[in-house]
Amino acid sequence: MFSLTPDWNFARRILEPDPDSPHADLSELPAFAALIRHQQLSGNPHPDGDALLKSIFRNIPDRNGARLLMSEWEDRDSDIIEYSREALRYLPAETRLSGKIFFMAGYDIGIVAPPDIAINIAHQHFIKYPDDLGYYLTHEVHHLGFLSHRPMPSIRQSMSTVQGLLDLIFFMTQMEGMAVHAAYNRRKTEGHLKDDDDYGLYYDSSEHSHIRTRFREICDSITDKESPSDGEISTALNAMSSGERLWYRYGALVSAKLENELGLDALVASINEPGIFMEYAQIQV
């Protein structure tokens, strides 16, 4: 079942011309509640709503660009739903999605906060590449479906043991990699692979060996320590996420090879049977 619906209230109100200060009533919108849930999902159990709202207002560098992007997309509900539904091809048939697609500004690029997702209409990447907003809808909706079958591990608890940290890395590698891959076919068809660096591996195989090697090096650097320091954990997670983006790129590489060699059904089945993905990642890629 798919019944996600767009909600532009947060984006429209935060992008009002020349706001003097954060609008207190923004914190009462359902979109803001989704951002709070995302903070909690990301390991911050008690987020400060006021601080978050102030941070959001500081992170809108190009209001005019954001308004132009919003004007391009806000009357395209059918396209928004179509891009969102693209994720269903890479999700189990029984997946049920019935939340909101919130458009907001000043927070990340796109987030999942079950039962909803949120897209940052003010992000510089979308202002530069407006069509990419559609592919990020596919990406985040895939996360939503993935998490409906396998809930996110507790990040705080995962950090307490080496095995917990490795389990978190493998979980995120599959979740992020499959979401990248879910948007690949449409990106390729519409000629937008080169608009996002995560898709370089699809047209330049010279990076494959480096991505595989670095992923294993990072995992080994954790496995070899009885108790990694906070600094070592931070270095590893940075390489996986915002730095080298290894769990996006290695995960996409595994997803592509798994689909090509075992078929789409096997890749989709790996959501509920992660051993398929993990074994393939460690042995055949």
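Scroll up to find the structure this text is about.
Keep in mind the model is a prediction, meaning the values are calculated, not measured.

(A) The overall build of the chain, seen in detail. On a plain count of helices and strands, the chain comes out with 16 helices and four strands. Here the C-alpha radius of gyration of the chain, 19 Å, is about what a compact globule of 285 residues would show, namely 19 Å. Projected onto its principal axes, the C-alpha coordinates of the chain cover approximately 55 × 45 × 35 Å. Within the chain, the fraction of its 285 residues that count as buried is 51%. Considering only residue pairs separated by 6 or more positions, the chain has 69% of its internal contacts joining residues 24 or more positions apart. Total accessible area on the chain stands at roughly 13,000 Å², and carbon and sulfur atoms take up 47% of it. Here the chain carries 26 positive and 43 negative side-chain charges, and the mean point of each set is 1 Å from the other.

(B) Focus on the sheet that holds strand S1 (residues 5-7). The sheet built from four strands is open, its strands ordered S1-S2-S4-S3 with mixed pairing. The open sheet has two free edges, formed respectively by S1 and strand S3 (110-113), since each of these has just one partner strand. Ignoring strand direction, the axes of neighbouring strands in this sheet form an average angle of 20 degrees. Two elements, S3 and strand S4 (residues 116-120), share four bridges in a ladder whose sense is antiparallel. By the bridge assignment, Ala 113 is partnered in S4 with Asp 116. Each of strand S2 (100-104), S3 and S4 is contacted by helix H2 (residues 30-41), which is oriented at about 85 degrees to S3, the strand it contacts most. Strands in contact with helix H7 (residues 132-149) are S2, S3 and S4; relative to S4, the strand with the most contacts, it is inclined by about 155 degrees.

(C) The arrangement of the nonpolar core in detail. If you look at the biggest cluster of nonpolar residues, it comprises 97 residues, and the most contacted ones within it are Phe 103 and Ile 121. The dominant element in this core, judged by the number of residues it contributes, is helix H9 (residues 162-182), at 11 residues. The contacts of Ile 121, once residues within four sequence positions are left out, are Trp 8, Ala 11, Leu 15, Ala 66, Leu 69, Met 70, Phe 103, Met 104, Ala 105, Ile 127 and Leu 133.

(D) Broad picture of H9. Given a rise of 1.5 Å per residue, 21 residues ought to cover 30 Å, and the 30 Å separating the end C-alpha atoms of H9 matches this to within 8%. Of all 21 residues in H9, 18 are buried; the element is thus mostly enclosed.

(E) Representation of the packing of helix H13 (residues 230-240) against helix H14 (residues 246-262) within the structure. Two elements in contact, H13 and H14, have axes separated by 6 Å at closest approach and are oriented at 50 degrees. Put simply, H13 runs oblique to H14. Touching Leu 237, Ala 239 and Met 240 of H13 are Leu 246, Trp 247 and Tyr 248, all from H14. Grouping the constituent residues of the contact of H13 with H14 by class yields six nonpolar, no polar and no charged.

(F) Focus on the packing of H9 against helix H12 (residues 208-223). Viewed as axis vectors pointing N to C, H9 and H12 meet at an angle of 160 degrees, and their least axial separation amounts to 9 Å. Accordingly, the angle class assigned to the pair H9 and H12 is roughly antiparallel. In the crossing of H9 with H12, the sense of the turn from one axis to the other is right-handed. Across the interface between the two elements, Val 162, Leu 165, Leu 166, Ile 169, Phe 170 and Thr 173 of H9 pack against Phe 215, Cys 219, Ile 222 and Thr 223 of H12.

(G) Inspection of the side chain of Ser 158 at higher detail. You can see Ser 158 is positioned in helix H8 (residues 155-158). A relative accessible area of 7% places Ser 158 in the buried class. A polar atom in the side chain of Ser 158 sits 2.7 Å from the backbone oxygen of Ser 154. Beyond its immediate sequence surroundings of up to four residues, Ser 158 is in contact with Pro 153, Gly 164, Leu 165 and Leu 168.

(H) Structural context of unusual backbone geometry. With an omega of 10 degrees, the peptide bond running from Pro 114 to Pro 115 counts as cis. Position of Pro 115 relative to the elements: it lies in the loop between S3 and S4. Within the chain, Asp 108 stands out as a residue other than glycine whose phi angle is a positive 55 degrees. Note on Asp 108: relative accessible area 45%, which makes it partly exposed. Despite not being glycine, Arg 245 has its phi angle at roughly 55 degrees, a positive value. Counting through the fold element by element, Arg 245 comes out in the loop between H13 and H14.

(I) Up close: the side chain of Thr 95. As for its placement among the helices and strands, Thr 95 is situated in the loop between helix H5 (77-85) and S2. Thr 95 gets classed as buried once you look at its relative accessible area, which sits at 3%. Of note is the side chain of Thr 95, whose polar atom sits 2.8 Å from the side chain of His 149.

About the thresholds
- Residues numbered from 1 in each chain as written.
- Predicted model: local features only at pLDDT ≥ 70, side-chain atom pairs only at ≥ 80, totals over all residues.
- Heavy atoms only, no water.
- Helix = DSSP H or I, 4+ residues; strand = E, 2+ residues; numbered from the N terminus.
- Rg over C-alpha atoms; globule rule 2.2 N^0.38 Å.
- Buried < 20%, exposed > 50% of the residue type's maximum accessible area, 1.4 Å probe, protein only.
- Contact = heavy atoms within 4.5 Å.
- Areas by Shrake-Rupley, 256 points an atom, 1.4 Å probe, with all protein chains shown as cover.
- Lys, Arg positive; Asp, Glu negative; His and termini not counted.
- Charge placed at Lys NZ, Arg CZ, Asp CG, Glu CD.
- Pairing = 2+ DSSP bridges.
- Axes fitted to C-alpha atoms, helices over the stretch in contact; angles between N-to-C directions.
- Core = buried A, V, L, I, M, F, W, Y, C linked by side-chain atoms within 4.5 Å.
- Expected span 1.5 Å × (residues − 1).
- Parallel < 35°, antiparallel > 145°, perpendicular 65-115°, else oblique.
- Nonpolar A, V, L, I, M, F, W, Y, C, P; charged D, E, K, R; others polar.
- Left-handed = near helix turned anticlockwise from the far one by under 90°.
- Polar contact = N/O pair within 3.5 Å; in protein donor to acceptor, adjacent residues only side chain to side chain.

Nothing here speaks to function; it is geometry throughout.
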